[in-house]
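One-letter residues, chain by chain:
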Amino acid sequence: MKARTSLPTASSTPGLEALTDRQRECLQLAATGLTSSGIGERLGLSPRTVDEHLMAACSVLGVRTRIQAVACLAVAARRAAEPRSFLP
């Protein structure tokens, strides 16, 4: 099974629509297991700037840690991938 690499759509999860593009990028890369340094290398940012983006994303999502923020992302991806078995 191929891993989902794209971020869920903004409308699929409350809070995700309020994230900036950079916050989404950092959060998505954090979800792959990269450290702040690794994310910074990929995006051309300092690790401290990455941490600021991730902390802002946590604030928007109403969570305290980057792990919780990544969990929100995973839940959104799962919900987006689940087929509906009924019509609304």
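Residues numbered from 1 in each chain as written. Predicted model: local features only at pLDDT ≥ 70, side-chain atom pairs only at ≥ 80, totals over all residues. Heavy atoms only, no water.

Further remarks concern the confidence of the model for the protein chain. Detailed reading of predicted coordinates is not advised where the pLDDT is low. Summary statistics for the protein chain give a mean pLDDT of 83 and a share of 74% for residues scoring 70 or more. At the level of individual helices and strands, the protein chain shows its lowest average pLDDT in helix α4 (residues 66-81), which scores 86, and its highest in helix α2 (residues 36-43), which scores 97. Considering only residues more than four positions removed or in separate chains, one finds that residues 1-12, a stretch of pLDDT under 50, has 16 contacts. (pLDDT = per-residue confidence, 0-100. Helix = DSSP H or I, 4+ residues; strand = E, 2+ residues; numbered from the N terminus. Contact = heavy atoms within 4.5 Å.)

A few words now on the packing of α2 against helix α3 (residues 47-61). For any two helices packed against each other, one specifies the crossing angle of their axes together with the interaxial distance. Running from amino to carboxyl end, α2 crosses α3 at an angle of 105°, the nearest separation of the two axes being 8 Å. As judged from the angle between their axes, α2 and α3 are roughly perpendicular. Across the interface between the two elements, S36, S37, I39 and G40 of α2 pack against P47, V50, D51 and L54 of α3. Counted by class, the contact of α2 with α3 contains four nonpolar, three polar and one charged residues. (Axes fitted to C-alpha atoms, helices over the stretch in contact; angles between N-to-C directions. Parallel < 35°, antiparallel > 145°, perpendicular 65-115°, else oblique. Nonpolar A, V, L, I, M, F, W, Y, C, P; charged D, E, K, R; others polar.)

With that out of the way, let us pick up the pattern of salt bridges. For side chains of opposite charge, pairing can occur when their charged atoms come near one another. Applying the stated criterion to the full structure yields four salt bridges. A salt bridge links D21 to R24; the shortest N-O distance between them is 3.2 Å. Here R24 and D21 lie together in helix α1 (residues 21-31), a separation of three residues that amounts to about one turn. Judged by relative accessible area, which is 59%, D21 ranks as exposed. Residue D51 is joined to R66 by a salt bridge in which the shortest nitrogen-to-oxygen separation is 3.8 Å. With D51 in helix α3 and R66 in helix α4, this pair connects stretches of sequence that are 15 residues apart. (Salt bridge = Lys/Arg side-chain N within 4 Å of Asp/Glu carboxyl O. Buried < 20%, exposed > 50% of the residue type's maximum accessible area, 1.4 Å probe, protein only.)

Residue position: A57 is located in helix α3. The buried category is assigned to A57, whose relative accessible area is 0%. Once the C-alpha coordinates of A57 and T20 are considered, the two residues, 37 residues apart in sequence, prove to be 8.2 Å apart. Here A57 is in contact with L19 and Q23, once residues within four sequence places are set aside.

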